[in-house]
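Descriptive structure summary
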Amino acid sequence: MMVKKTEMLAWATRWKDTLSQHELIGTGTTSERLTTALGLEVEGLMSGPLGGDQQIGARIAEQRLDVLIFFWDPFSPQPHDPDVKALLRLAALWNVPVACNAASADFLLSSPYLSESYDMSIPDAAAWAQARTV
Ligand SMILES: O=C(CO)COP(=O)(O)O
C-alpha cells in the first residue's frame, strides 16, 4: 500500500499544476497526503477500508466524477477488495476513464479532452429503470 502511495505522490508531484486546475476528491489517507505534500486542495472522503471507495463509487453513479486515478497494488490483497471491485465496476458501467498506474495516468492527464468538452456516452439510467418497472 505504501509503495503505491509513494508512486502516486511522485506522479501527482509531476502533474501538480494540471491537478490544481481541477476539482479533486480522494479517499482519506490519499487526500490528506496530497494536501500535506503538495498543498493541493482535495476533498477528503473516508479512508478506503472504511468506505471511501464506495463513496467514490457513489459519485460516479451520481455522474459527479469525470476521471478516476486509482493506483491499486497488484501484489497486496486488501480487506476491502469487494469495494475496490465495486468501484471499478461502476467506472466501467458509467464509462468513466480510469488510470491504474503512472503510465495510464500520464496518458489521461495529457489528453486534450481534459480541457475540451467531450461528449461522453453514458448508460440511459432512466430507460433502464423504466424497463424494470413494466
Ligand atoms: O483504500 C484505498 C483504495 O482502495 C485508499 O484509501 P486511503 O486513501 O485511505 O489509503
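Residues numbered from 1 in each chain as written. Predicted model: local features only at pLDDT ≥ 70, side-chain atom pairs only at ≥ 80, totals over all residues. Heavy atoms only, no water.

1. Here we look at helix 6 (residues 102-109)
Looking at helix 6, one finds that the buried residues are A105, L108 and L109. Buried residues of helix 6 fall within an arc of 90° about the axis and therefore sit on the same side. (Buried < 20%, exposed > 50% of the residue type's maximum accessible area, 1.4 Å probe, protein only. Helix = DSSP H or I, 4+ residues; strand = E, 2+ residues; numbered from the N terminus. Arc of directions from axis to C-beta.)

2. Considering the nonpolar core
W11, A12, L19, L34, L40 and L109 are the most contacted members of the largest nonpolar core, which has 16 residues in total. When contributions to this core are tallied by element, the ones reaching two or more residues are helix 1 (2-14), helix 3 (28-38) and helix 6. Sequence-distant contacts of L40, that is, excluding residues within four places in its chain, are made with K16, L19, S20, L24, L34 and T35. Core analysis: the next-biggest nonpolar cluster, separate from the first, contains eleven residues, I56, I60, V84 and L87 among them. (Core = buried A, V, L, I, M, F, W, Y, C linked by side-chain atoms within 4.5 Å. Contact = heavy atoms within 4.5 Å.)

3. Examining the site of the ligand
Every one of the 13 residues lining the ligand counts as a neighbour, but K5, T27, T30, S47 and D53 are closest to it. One nitrogen or oxygen atom from the side chain of K5 is found 2.7 Å from an oxygen atom belonging to the ligand. T29 has a polar side-chain atom sitting 2.8 Å from an oxygen atom of the ligand. Contact with the protein chains covers 93% of the free accessible surface of the ligand, which is 310 Å². Considering each element in turn, the shell around the ligand owes the most residues, three residues, to helix 3. In terms of residue class, the shell around the ligand is made up of four nonpolar, seven polar and two charged. (Near = heavy atom within 4 Å. Polar contact = N/O pair within 3.5 Å; in protein donor to acceptor, adjacent residues only side chain to side chain. Areas by Shrake-Rupley, 256 points an atom, 1.4 Å probe, with all protein chains shown as cover. Nonpolar A, V, L, I, M, F, W, Y, C, P; charged D, E, K, R; others polar.)

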